[in-house]
Amino acid sequence: MTEQVTEPSSSGSSEIHHDHRDVTGGWLRPTVFGMMDGLVSNFALIVGFSGGHASSTTVSLAGLAGLVAGAGSMATGEYVSVQSQNESTKAELAVERHELEHNAKAELHELAQSFVARGVEPELARKVAEQLSRDPEQALLIHAQEELGIDPTQLPSPMTAAISSLLSFSFGALLPVLPYLLGANTVLISLIVAVAGLFIAGALTSRFTVRGWAFSGSRQLVLGAFAAAITYGAGLLFHVSVS
């Protein structure tokens, strides 16, 4: 999503000054990349089994196993990663809170110097730092933003991250195995579905970059096809058939 800033012109009317890309992407970004991860990994897995001349039943089982295992791995990984990051952040906030309580003058000077480094005059910087430091919670927030680069009020939710990864990966991983579940006995239909999914997922990433949708979609399609080709080659090489 882009942000448009409107300012009044000299004639009194409003005009668009500039806009920005959505650099954080909210939850759309991890959802898109989670779906892409599931699609690429499970498509490659299915193609690898197909290259080993496995039966459609075996390919279906492999695809479902890859979906469940991958989604579980992504969900637990995201939960532990976000939770660990939050715990680390809270530990640093505790240190900062202790310093503000027991070493207030040094922290005040440190905050003022951070403003000076940004071009504020020393006297004004100190006055601003003193005013911001009157409220302990506000002071902690400012120091966290200045020194740690974080907003303590906007810590991500581990559970939300886990569920988002679980669902997005599952959706992506389901696409290439779905034709087999509906009765397909060749990899051709899965190939068509996966190619379309790869291009669409790649095109969606253009929302977060300066690249156009056609380039982003084509790039993801080529990379996904490359991963599938490697596993297909491995299947042919080892000729693994467990039917």
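To keep things clear, this report deals only with the structure shown in the data block.

Quick notes on the rules
- Residues numbered from 1 in each chain as written.
- Predicted model: local features only at pLDDT ≥ 70, side-chain atom pairs only at ≥ 80, totals over all residues.
- Heavy atoms only, no water.
- Phe/Tyr/Trp six-rings, centres within 6.5 Å; stacked < 30°, edge-to-face > 60°.
- Helix = DSSP H or I, 4+ residues; strand = E, 2+ residues; numbered from the N terminus.
- Salt bridge = Lys/Arg side-chain N within 4 Å of Asp/Glu carboxyl O.
- Buried < 20%, exposed > 50% of the residue type's maximum accessible area, 1.4 Å probe, protein only.
- Axes fitted to C-alpha atoms, helices over the stretch in contact; angles between N-to-C directions.
- Parallel < 35°, antiparallel > 145°, perpendicular 65-115°, else oblique.
- Left-handed = near helix turned anticlockwise from the far one by under 90°.
- Contact = heavy atoms within 4.5 Å.
- Nonpolar A, V, L, I, M, F, W, Y, C, P; charged D, E, K, R; others polar.
- Core = buried A, V, L, I, M, F, W, Y, C linked by side-chain atoms within 4.5 Å.
- Polar contact = N/O pair within 3.5 Å; in protein donor to acceptor, adjacent residues only side chain to side chain.
- Expected span 1.5 Å × (residues − 1).

With that out of the way, let us pick up the packing of aromatic side chains. In this description, a pair of aromatic rings is defined by centroid distance and the angle of the planes. With the rule as written, the count across this model stands at one aromatic pair. When the ring of Phe199 is compared with that of Trp213, the centres are 6.1 Å apart and the planes differ by 90°; the resulting orientation is edge-to-face. Of this pair, Phe199 sits in helix 7 (residues 188-204) while Trp213 sits in helix 8 (residues 213-238), placing them 14 residues apart in sequence.

Once that is clear, we can look at the pattern of salt bridges. Close approach of charged atoms lets side chains of opposite charge pair. Inspection of the entire model under this criterion finds three salt bridges. Arg97 is the salt-bridge partner of Glu137, the closest N and O atoms lying 3.0 Å from each other. Taken together, the residues span a long stretch of sequence, with Glu137 in helix 5 (residues 136-148) and Arg97 in helix 2 (residues 56-102) at a distance of 40 residues. The partner of Arg126 in a salt bridge is Glu130, and the shortest N-O contact between them spans 3.4 Å. Linking Arg126 with Glu130, this pair stays in helix 4 (residues 122-132), spanning four residues, or about one helical turn. Among the residues examined, Glu130 registers a relative accessible area of 36% and is labelled partly exposed.

In the contact formed by helix 3 (residues 104-116) and helix 4, the axes pass within 8 Å of each other and the chain directions differ by 130°. When the axes of helix 3 and helix 4 are compared, the pair comes out oblique. The interaxial crossing formed by helix 3 with helix 4 has right-handed handedness. Contacts between helix 3 and helix 4 involve Leu108, Leu111, Ala112, Phe115 and Val116 from the first element and Pro122, Ala125, Arg126, Val128, Ala129, Glu130 and Leu132 from the second. A breakdown of the residues in the contact of helix 3 with helix 4 according to their chemical character gives ten nonpolar, no polar and two charged.

One finds Val32, Met35, Met36, Leu39, Val40, Phe43, Val47, Ala194, Leu198, Ala201 and Ala228 forming the largest nonpolar core, which totals eleven residues. Elements represented by at least two residues in this core include exactly helix 1 (28-51) and helix 7. Here this core gets seven residues from one element, more than from any other, and that element is helix 1. Here Ala194 is in contact with Leu39 and Phe43, once residues within four sequence places are set aside. Residues Leu108, Phe115, Ala129 and Ile142 belong to the second largest nonpolar core, which totals seven residues.

To continue, consider the environment of Gly63. Relative to the assigned elements, Gly63 resides in helix 2. A residue is classified by how much of its surface remains accessible, and Gly63, at 0% relative accessible area, is buried. In this structure the C-alpha to C-alpha distance between Gly63 and Ser41, which are 22 residues apart in sequence, comes to 9.7 Å. Ignoring any residue separated from it by four or fewer positions in sequence, one finds Gly63 in contact with Asn42, Ile46 and Val177.

Next up on the list: the side chain of Thr58. Within the element layout of this structure, Thr58 appears in helix 2. Within the local environment of Thr58, its side chain forms a polar contact with the side chain of Ser55, the two groups lying 3.0 Å apart.

A few words on helix 5. When the terminal C-alpha atoms of helix 5 are compared, their 17 Å separation across 13 residues agrees well with the 18 Å that a helix rising 1.5 Å per residue should span. Turning to helix 5, its buried residues are Ala139, Leu140, Ile142, His143 and Ala144. Of the surrounding secondary structure, the elements contacted by the buried residues of helix 5 are helix 2, helix 3 and helix 4. Near the N-terminus of helix 5, the side chain that reaches the backbone nitrogen of Glu137, with its oxygen 3.2 Å away, is that of Asp135. Gly149 lies just past helix 5 and shows a positive phi near 70°.

Along the chain, Asn86 turns up in helix 2. Looking at Asn86, the relative accessible area reads 7%, which means it is buried. Residue contacts for Asn86: discarding those within four places in its chain leaves Leu155, Pro156 and Pro158.

So far we have only geometry, and geometry alone does not tell us how the molecule works.
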